[in-house]
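These are the residues of each chain, in order.
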Amino acid sequence: MLYSEADFVTSREATRKEAALMLLCALPFGVLAAVGFALRVEILCMAGCFLFGAVMIFLWDMRLGPKLRYGRFLKEATSGLTRRTAGTITRLGKERFFEDGVWFYELILNIYEDLSEEGERRYLYDAAKPRPEEFVGRDVALTSHGSIVLGVEALGEGHETGKA
């Protein structure tokens, strides 16, 4: 399987670290707003509030939000129904793309013995994981949750793949 408990721990630690960084970066502006309020200097208080909000929004969107989305993705992908499909990996995309808040590579699995186009199935392979280049062109058993790849393992020579 591609995902283990270590992935959850790493994701939680990265999220906590980004949240602490966000608050640390915004803290001086919050202090500036508080000082401006206490000294009754309206422009200082407004500038502090504006900069505090700007830093919080920027770091939430650029740093913390993606970490939260990836953690949610891990939770959703590893809980629920899984499906095991046998076939041949015909293509593994070179370009990463962004879908549902996570970066993926496209993986094409063909489930037909003659590798006709009708047998091609599109899966999403997490770009944060090592690419399975060694499996391209080989018969594999692919474990998935919806279209998200959870695991890839090679099938032995002469193994019945169950292809249509």
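Residues numbered from 1 in each chain as written. Predicted model: local features only at pLDDT ≥ 70, side-chain atom pairs only at ≥ 80, totals over all residues. Heavy atoms only, no water.

### Some details on the pairing of strand S6 (residues 148-154)
Looking down a regular strand, the side chains alternate between one sheet face and the other. Threshold: Each residue is placed in one exposure class: buried if its accessible area under a 1.4 Å probe, protein chains only, is under 20% of its type's maximum, exposed if it is over 50%, and partly exposed if it falls in between. Helix and strand assignments follow DSSP, with helices taken as H or I runs no shorter than four residues and strands as E runs no shorter than two, numbered in order from the N terminus. Note on pairing: DSSP must find at least two bridges between two strands before they are called paired.
With 5 of its 7 residues buried, S6 lies for the most part within the structure. Inspection of the sheet shows strand S5 (residues 139-145) paired to S6 by 6 bridges, in the antiparallel sense. Among the inter-strand pairings, Ala141 is bridged to a residue of S6, identified as Glu153. Hairpin connection between S5 and S6: a loop of 2 residues separates the two successive antiparallel strands, and Gly146 in this loop has a positive phi of roughly 65°.

### Focus: the pattern of salt bridges
How we decide: Salt-bridge detection follows one rule: a side-chain nitrogen of Lys or Arg within 4 Å of a carboxyl oxygen of Asp or Glu.
Scanning all chains against the criterion turns up 8 salt bridges. As a salt-bridge pair, Arg63 and Glu18 come within 2.9 Å of each other at their nearest N and O atoms. Here Arg63 is found in helix H2 (residues 42-78), whereas its partner Glu18 is found in helix H1 (residues 5-38), with 45 residues between them in sequence.

### Some details on the nonpolar core
Put simply, the rule reads: For the purposes of this section, nonpolar cores are sets of buried Ala, Val, Leu, Ile, Met, Phe, Trp, Tyr and Cys residues that join through side-chain atoms within 4.5 Å.
Membership of the largest hydrophobic core comes to 25 residues, with the highest contact counts inside it found for Phe73, Leu107, Leu109 and Val152. Where this core is concerned, the elements lending two or more residues are H2, strand S1 (83-92), strand S3 (102-110), strand S4 (120-126), S5 and S6. If one sorts the elements of this core by residue count, S3 sits on top with 5 residues. Among the nonpolar cores identified, the runner-up in size contains 5 residues, and Met22, Val55, Leu59 and Leu64 belong to it.

### Side note on the layout of surface pockets
What counts, and what does not: The pocket and cavity definitions rest on a 1 Å grid over protein atoms only: a 1.4 Å probe that fits but cannot leave marks a cavity, an open set with protein on both sides within 12 Å along at least five of seven lines marks a pocket, and residues lining either have an atom within 4 Å of a point. Grid points are joined across faces, edges and corners, and a volume is the space filled by probe spheres set on the points. Polarity classes work like this: nonpolar for Ala, Val, Leu, Ile, Met, Phe, Trp, Tyr, Cys and Pro, charged for Asp, Glu, Lys and Arg, and polar for all others, with Gly in that last group.
Looking at the largest pocket, its volume works out to about 390 Å³. The wall of the largest pocket is formed by 19 residues, among which Pro66, Lys67, Tyr70, Asp126 and Ala128 lie closest to the centre. Counting residues per element, the ones that place at least two in the lining of the largest pocket are H1, H2 and S3. Taken together, the residues of the lining of the largest pocket sort by class into 9 nonpolar, 4 polar and 6 charged. Around the second largest pocket, the lining residues are Arg69, Arg72, Phe73, Glu76, Ala77, Asp100, Val102, Phe104, His145 and Ile148. Where the lining of the second largest pocket is concerned, the elements lending two or more residues are H2 and S3. Residue contributions to the lining of the second largest pocket peak at 5 residues, all from H2. Its residues placed into classes, the lining of the second largest pocket shows 5 nonpolar, 1 polar and 4 charged.

### Quick word on a nonpolar patch on the surface
The condition that has to hold: Every patch collects residues that have over 30% relative accessible area and no salt bridge, joining them within 9 Å if they carry like charges and within 5 Å if they are nonpolar side chains (Val, Leu, Ile, Met, Phe, Trp, Tyr). Accessible surface area values rest on a Shrake-Rupley calculation with a 1.4 Å probe, where residue burial reflects the displayed protein chains alone.
Residues Leu24, Leu27, Val31, Val35, Leu39, Val41, Ile43 and Met46 make up a contiguous nonpolar surface patch of about 750 Å² in total accessible area. Mapped onto the nonpolar patch, the elements with two or more residues apiece are H1 and H2. With 4 residues, H1 is the single largest residue contributor to the nonpolar patch. Here Val31 lies in helix H1. On the basis of relative accessible area, Val31 is assigned to the partly exposed category, the value being 42%.

### Overview of the environment of Ala154
The condition is simple: Pairs of residues are marked as contacts when any of their non-hydrogen atoms sit within 4.5 Å.
Positionally, Ala154 belongs in strand S6. Expressed as a C-alpha distance, the spacing of Ala154 and Val140, which sit 14 residues apart in the sequence, is 4.3 Å. When near neighbours in sequence (up to four residues on either side) are disregarded, Ala154 contacts Phe135, Arg138, Asp139 and Val140.

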